[in-house]
Every structure is written in structure tokens, then in C-alpha cells.
Amino acid sequence: MTKAPPDAGETLDPDDWDALRAQGHRMLDDMFDYIADVRARPVWRPIPAETRARFRDGLPRASADLDDIYREFADHIAPYTAGNVHPGFMGWVNGGGTAIGMLAEMLAAGLNANLGGRDHVPIEVERQIVLWVRQMFGFPDTASGIFVTGTSMANLMGVLVARSARLGPSVRQRGLSDRGAGLTAYTSVATHGCVAQAMDLAGFGTDALRRIPVDRCHRIDVDALRAQVAADRAAGLTPFLVIGSAGTVDIGAVDDLAALHALCRDENLWLHVDGAYGALGILSPEIAPRLAGIESADSIAFDFHKWGQVPYDAGFLLVRDGEQHRRTFAAPVAYLRRETRGLAAGSPWPCDYGPDMSRGFRALKTWFTFKAYGTEKLGAMIARTCALARYLEAKVVAEPKLELLAPVQLNIVCFRYRADDADKVNARIVASLHESGIAAPSTTTLDGRLAIRAAIVNHRTDMRDIDALVAAVLEFGARETDSLSPRAGRGAG
Ligand SMILES: *Cc1c(COP(=O)(O)O)cnc(C)c1O
């Protein structure tokens, strides 16, 4: 005897749409307030043990009331984020997001579009972004592009496209084999760690990545690169790829991309650019000249979620030779058969350009962001973060207790409080800044010296935040040096 299937009343849709609607409107209003009032809150606050413990619960077997779940979100999740929405957040390289981006995310979730493939307009929206990105970087109509999680993934895919361009599509069946053994790639010592990881994941191993020295401004030494390529060729190796940086993570250096392009052309090497945050500087007439040469790269990886302020995540890979890009990833399988009519039309599909089959609608929040603000305003916002970095630089230089540790090139300022045990003092200053909720810079190490690193990425950051950062560094610096000095009494600090 077959049992009747449960009826439609058993779906996951609400019984009472009106109640859900009212609840949804409250959530939306709360999130507008959350963003609008962000300044009134600390950048970050330590997570109470009780809060952390809440998220060690067992599997929820029964249904719960949405109102209660939402209250849990409001009380125990929303207050304890990393704080990158806040104008005082200056750590690492994180975008601030926008309310418009948030709304677009909601719309995208409602559509629940899967952008792996098939013939629907969400994919046309992604293609629209590809078109805009080509235009931004002066790439030809044959260039391809695809949204991915972030630049880490886009760099990995860039390495894979360069790999198949060099070894031919058979590398996908045969693996690197002997032909791949001597392939070497080149980047500067200042390049982000995900590039070495990409070499590892692509099967070359990190030893196949040559790390070239940089000048005082952390730009790759192109002569040293040329010499290394020549030495490797002489040793029987096969150089195939150069990864340039447009905005290094430590201090925001931009390699001489035009010189890298000339070298790659002479040496027949693939030029990939890690432009994670810096590449969008192309939108600012003031910053764009610094990126000269990026238009001649073979591929560019960058993030809309950093300087572009699109909510996480929205990474992107642009490849000059779209056909090469497709050949690197496309894999015909019966259940993804393409047609010229119906929903299975519209080939090639995004899944032909990367390893993901199921893909969210990252393009929508990017489309909304670009249309709502326009590239002029986005470019001006990017230039403003750089102007704020120069403002901070000037304050550091003018303050005898502070020391600038690297030239300011874009939007990143590395400095520290002068002290005897400066590494320890500055690490403590940064931890105190975080705990105070005033500002959240991060740290890095430059020439063996620990630096306070302020990366001005958030569009909300303004001079007040810079002033507050400097004042707090001086205050905490004085406190730390008192507490570390031998004369400090017991219990100090
Ligand atoms: C942020 C960053 C990355 C990594 O990008 P994700 O989007 O975090 O994966 C790579 N390179 C540079 C220069 C970066 O700033």
C-alpha cells in the first residue's frame, strides 16, 4: 500500500504570509539602522564567552519561531561582527559594503538564481558586468570574465589558464607530467600569499614560484626578474608566467606593469595581474595612470568587495583570450547538454569558465552598485581613500612620537609608535585599539619591524576616523611605554 505524499501545506513556505511580511519589514528597517548608525557603535568588541557558547548547540530538530531566531541574530550575531562596515575599520583590506548592495543581495536571494548555466537573464546580467569590465580595462570583445569568491580563487584560475595556454589542453588529461616539471613562474616577494598557494594547488609546487626582490617602494625589480628568467632558461627550466601586483597587500605598491608587459612579450610569458583591491583604481582618473600597462595583461584578478564596496563576496577573473579561458575549464558532460532552443540554450555557460557548477548571483549586487553610483562616483570614492591615507601620512610625519615605515602609494599607511621594545609596544597598541572599539588597523612586518598598518578601504572613513586613530595610538603608546618601563611600579598596565 503506498502512502499519499504530504500535501502542499507541508512546504517550507509560511502559513501566514502577512506575519512574515511584517517580520521581514522589521528586519529590513533594523538593518538600515544598523548601517546608518554604525558610527555610534564600537568598530569591534570582544565576544563574550556566553555568546560564543551559544553557537555550540546541538542540531535543531524541531521548528522554532522566526521572531525568536531573529532576536538571537540581533542580540548575539549582529553586534559581534568584524566591523568592516564601520568607518574605523582599517585592518587588512576589507570593503565596507553599502545598503544598496544589501538590498540587491536580498533580491538575488529571492530569485534564488543559479548562474552555473542555462538561458536566463541573470546570466545576461553577469555578461553585462563582463562587458563593463572589458571596457574598464580596455580589453577586447573576445575577452572573458567570471565572478568567483575572491582574488585567491581568481589567481588560482589565472595560473590554470596560463598553464593550459603553455602546455595545451592535453594537460587536463595528462596532468603536468614531464613537460610541466620545469615550468617556472615569477612574482615579487611582496605578492600576496595566495599566489604561492595557487602554484601549489595548480600542481607546480611553491618552489616553482621565483620570488623576485623589490625596490624601496615594494615594486618588483624588473632587471632582477629579467636576469632570473635568463638564468632559469640557461639551467634548462621553462619560464611561463609572471604575476604582477596592482596594490600589494603590505603597502599598496603597484608594479611597473608596462615594463612587465614588455618583458613578457619579449620572453613569451603569460602576464597575470593580482589587482585584488588596486585594479579598481582604474575608475579614478587620478589613480588610473598608476596602473598603466594593466590593459595589456593576459589576465587580471580583482575583487568588487574591496574598493568596489560590493558586499562579500564578489571576486572576478578577466582573461584576454576568452577561448583559452574556456578551454581551460569547459568539460562536456551529458547532463549539461546544450541546445539552441529552450532553457538549455545560451552556451557557453559560466560553468565553462571555472570550476564551479552552482553559482550565486554575485553579478546583481555589482550591477546595482555600478548603476546606482556610477563609475565617476566610485572612482572619486577610491581617490578619497587615498587622500585620507596621505592625510594620515602627514599626521604621522608631523608627530615626533610616530614613525612612518613605508612610502604611502595608494591607501595604505604603515607606521609605528617609537619605543624601545617597539614591536611589543605596537602589537599591544593595536590589540588595545581593537578592544577599545575606536579603530581597527592590523599589523604587518616590514624589514623585520612590526608596523601598524592602516588600509583605508571603507567609503565611510573620514578625517575624524584618522584623527581618532592617531590620538588613540599616542594615548595607548604612552600607556604601554609607561607600563613596560623598568621604573613603572607594580600593577602598572
Ligand atoms: C585581498 C587580497 C587577495 C586575496 O583576495 P580574496 O578576495 O581575499 O581572496 C589577494 N591579493 C591581494 C593583493 C589582496 O589584497
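What this report covers is the structure whose coordinates are included nearby.

Conventions we followed
Residues numbered from 1 in each chain as written. Predicted model: local features only at pLDDT ≥ 70, side-chain atom pairs only at ≥ 80, totals over all residues. Heavy atoms only, no water. 1 Å grid on protein atoms, 1.4 Å probe; cavity = no way out; pocket = protein on both sides within 12 Å on 5 of 7 lines; lining within 4 Å. Points joined across faces, edges and corners; volume = space filled by probe spheres on them. Helix = DSSP H or I, 4+ residues; strand = E, 2+ residues; numbered from the N terminus. Nonpolar A, V, L, I, M, F, W, Y, C, P; charged D, E, K, R; others polar. Buried < 20%, exposed > 50% of the residue type's maximum accessible area, 1.4 Å probe, protein only. Phe/Tyr/Trp six-rings, centres within 6.5 Å; stacked < 30°, edge-to-face > 60°. Salt bridge = Lys/Arg side-chain N within 4 Å of Asp/Glu carboxyl O. Near = heavy atom within 4 Å. Polar contact = N/O pair within 3.5 Å; in protein donor to acceptor, adjacent residues only side chain to side chain. Axes fitted to C-alpha atoms, helices over the stretch in contact; angles between N-to-C directions. Left-handed = near helix turned anticlockwise from the far one by under 90°. Contact = heavy atoms within 4.5 Å.

### Quick word on the layout of surface pockets
Space inside the largest pocket adds up to approximately 1,100 Å³. Taken together, 39 residues form the lining of the largest pocket, with Leu28, Met31, Phe73, Met102 and Met106 sitting closest to its centre. Elements that contribute at least two residues to the lining of the largest pocket include exactly α1 (17-36), α3 (66-77) and α4 (99-111). Residue contributions to the lining of the largest pocket peak at 11 residues, all from α1. Grouping the amino acids of the lining of the largest pocket by side-chain chemistry returns 23 nonpolar, 12 polar and four charged. If you add up the space inside the second largest pocket, you get close to 300 Å³. Elements that contribute at least two residues to the lining of the second largest pocket include exactly α5 (121-137) and β1 (144-148). For the lining of the second largest pocket, the leading source of residues is α5, giving six residues. Along the lines of polarity and charge, the residues of the lining of the second largest pocket split into nine nonpolar, four polar and three charged.

### Considering unusual backbone geometry
Looking along the chain, the bond that leaves Tyr312 and enters Asp313 is cis, with omega of -10°. Relative to the elements of secondary structure, Asp313 occurs in the loop between β6 (299-303) and β7 (315-319). Despite not being glycine, Arg118 has its phi angle at roughly 80°, a positive value. With respect to the secondary-structure elements, Arg118 resides in the loop between α4 and α5. The exposure class assigned to Arg118 is partly exposed, which follows from its relative accessible area of 25%. Even without being a glycine, His218 presents a positive backbone phi close to 70°.

### Focus on the packing of aromatic side chains
With the rule as written, the count across this model stands at 13 aromatic pairs. Their ring planes at 20° and their centres at 5.9 Å tell us that Tyr70 and Phe73 sit as a pair that is stacked. Highlighted residues: Tyr70 and Phe73, both in helix α3, separated by three residues, approximately one helical turn. The exposure class assigned to Tyr70 is buried, which follows from its relative accessible area of 12%. Overall, the relative accessible area of 28% leaves Phe73 in the partly exposed class. Taken together, a centroid distance of 5.4 Å and an interplanar angle of 80° make the contact between Tyr277 and Trp307 edge-to-face. Remark: Trp307 occurs in the loop between β6 and β7 and Tyr277 occurs in the loop between β5 (270-274) and β6; sequence separation between them is 30 residues.

### Here we look at the pattern of salt bridges
Following the criterion strictly, the structure yields 28 salt bridges and no others. Taking the shortest distance from any N to any O, the salt bridge between Glu403 and Arg449 comes out at 3.2 Å. Remark: Arg449 occurs in strand β11 (residues 449-455) and Glu403 occurs in strand β8 (residues 402-404); sequence separation between them is 46 residues. The exposure class of Arg449 is partly exposed, given its relative accessible area of 32%.

### Topic: the site of the ligand
Close to the ligand lie Gly150, Thr151, Ser152, His192, Cys194, Gly247, Asp274, Ala276, Tyr277, Asp303, His305 and Lys306, which account for all nearby residues. A distance of 3.0 Å separates an oxygen atom of the ligand from a polar backbone atom of Thr151. At 2.7 Å, a side-chain N or O of Asp274 approaches a nitrogen atom of the ligand. Its residues placed into classes, the shell around the ligand shows three nonpolar, six polar and three charged.

### Considering the packing of α4 against helix α13 (residues 362-398)
When two helices pack together, their arrangement is given by the angle between the helix axes and by the axis-to-axis distance. At a closest axis distance of 8 Å, the pairing of α4 and α13 adopts a crossing angle of 140°. Note on packing geometry: the crossing formed by α4 with α13 is right-handed. Listed contacts from α13 to Ile100, Gly101, Ala104, Glu105, Leu107 and Ala108 of α4 are Leu364, Lys365, Phe368, Ala372 and Tyr373. Considered class by class, the residues forming the contact of α4 with α13 number eight nonpolar, one polar and two charged.

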